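One letter stands for each residue in the lines below.
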Amino acid sequence: MNTKWRKYNKKLLSIFFICIFITIFFNLLIDPYNIFNIPKIKYINKTKTEKNRNQRITKTVGLKLETKQLESIFLGSSRVNESITEDYYTKLTSKYTKNLGMNALSHDETIKLAYNSISIHPEIKTIYIGLDFFRFLEKNKDDKREVPFSDKKELTLSEINPLILSYNTTLASINTLKNNIIPQKTNNDKQEIFLSKLKQYAGNYTNAKLADEEFSKLKNFEKEMNEKGYNVVFYTNPTHITDLVLIKKMGYLPLFNKWKVKLAENFNYIDFDFANEITTEEINKDTKYFIECSHASNLTGALIIDDLINKSNKIGKQISIRNIEMHNKENQLNIEKWEADNKFWVEKIEGIVKIEE
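From a predicted model like this one, the values you see are computed outputs, not experimental measurements. (Residues numbered from 1 in each chain as written. Predicted model: local features only at pLDDT ≥ 70, side-chain atom pairs only at ≥ 80, totals over all residues. Heavy atoms only, no water.)

Visitor: Explain the layout of surface pockets to me, please; I cannot follow it from the model alone.
Guide: Over the atoms a probe the size of a water molecule is rolled, and this reveals where empty space is left. In this structure, the largest pocket spans a volume of roughly 1000 Å³. As for the largest pocket, its lining consists of 32 residues, of which Tyr33, Asn34, Glu86, Lys98 and Asn99 are closest to the centre. Secondary structure elements with two or more residues in the lining of the largest pocket: helix 2 (55–65), helix 3 (78–83), helix 4 (86–93) and strand 2 (96–99). Broken down by element, the residue count for the lining of the largest pocket peaks at five residues, all from helix 2. Per-class residue counts for the lining of the largest pocket are eight nonpolar, 14 polar and 10 charged. Each pocket or cavity is described by its volume, and for the second largest pocket that value is around 280 Å³. Contributing to the lining of the second largest pocket are 16 residues, with Ser78, Asn103, Lys197, Tyr201 and His295 lying nearest its centre. Breaking the lining of the second largest pocket down by element, the ones donating at least two residues are helix 3 and helix 8 (190–205). Per-element accounting of the lining of the second largest pocket gives the leading share, five residues, to helix 8. Along the lines of polarity and charge, the residues of the lining of the second largest pocket split into five nonpolar, seven polar and four charged. (1 Å grid on protein atoms, 1.4 Å probe; cavity = no way out; pocket = protein on both sides within 12 Å on 5 of 7 lines; lining within 4 Å. Points joined across faces, edges and corners; volume = space filled by probe spheres on them. Helix = DSSP H or I, 4+ residues; strand = E, 2+ residues; numbered from the N terminus. Nonpolar A, V, L, I, M, F, W, Y, C, P; charged D, E, K, R; others polar.)

Visitor: Where do I start with the pattern of salt bridges in this structure?
Guide: Opposite charge on two side chains permits them to pair, given that their charged atoms come into close proximity. Tallied over the entire structure, the rule returns 17 salt bridges. One salt bridge connects lysine 112 with glutamate 109, and the closest N-O pair in it is separated by 3.8 Å. Residue lysine 112 and its partner glutamate 109 are both found in helix 5 (residues 107–120); the two are separated by three residues, about one turn of the helix. What makes glutamate 109 buried here is its relative accessible area of 11%. Note that glutamate 339 is salt-bridged to lysine 248, the shortest N-O span being 3.1 Å. Of the two residues, glutamate 339 is situated in helix 13 (residues 324–341) and lysine 248 in helix 10 (residues 241–249); the sequence distance between them amounts to 91 residues. Note on glutamate 339: relative accessible area 9%, which makes it buried. Via salt bridges that share partners, Lys248, Lys249, Glu339 and Glu350 belong to a single interconnected network. (Salt bridge = Lys/Arg side-chain N within 4 Å of Asp/Glu carboxyl O. Buried < 20%, exposed > 50% of the residue type's maximum accessible area, 1.4 Å probe, protein only.)

Written as structure tokens, this is what we have:
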């Protein structure tokens, strides 16, 4: 009897380990987060539709797996994640960077991520940080979403396990495989996409009030990094002018301008979040510089990298306390000019504001 149970338990255990092995192999083969450099195979894993899932784990593991010498890193929200392309940076500079932008990354976690990144890659020379107006508001300053990232160069079990064996990763692998076999249809109605995102951000801006401590956090961080020999470059992430008009119609443009002044009082930065030829792009099926009103595309990201590296001021503007007031005035005039020429969108935005009220 005992022999039979022993055989049964061995079979059960064997099946268990085989299932684990198959799951690990499947997740590594599909590589849904695109961090293990697995060859991309058409109809299997070529398109990484789930790559932005679980960013707080996948991005940090990707940094630890990176064997190239890094010249820089990019930190910030999903706006950084969507716009900045590591390959374009390398094409332009012949050096390497890592895009560590993550959805709704707070300033506290941004700073923690920077500290841990230079512990793992001490060769890093420049830290680029994309800034967002909404992240400096009291209601949005810290959403308590932590990045479980240690400063040890070696991967920990808690870091690697979720990427090869977890339910979330297995689901991501299944979805990736399905979407490679039968590609999903995407919504190409740009007007609908922009309006949907504007409605979301109207909620983010409600009862807006600046959180003063957020400015000093970044100022002190820059000072400390400079003392250690690292260069910190702050820049504002561009948003489409419809987002700026939404802020204006909600009565917060003076606060938005004050945000930029307070930034300039604490450190110099490059401003991309104002009315210019890119942010006033027409919204239609050919819109290429913005995914929607809040997130710029890789094309815009390439222009941002050009400005940051070459200081060319093609779409950005170098800001200091000396020129910020004039810059804000010019921006307000350009916003008003755009409003006069785009009655359709002004009416749509006014309708969104009325709903919020």
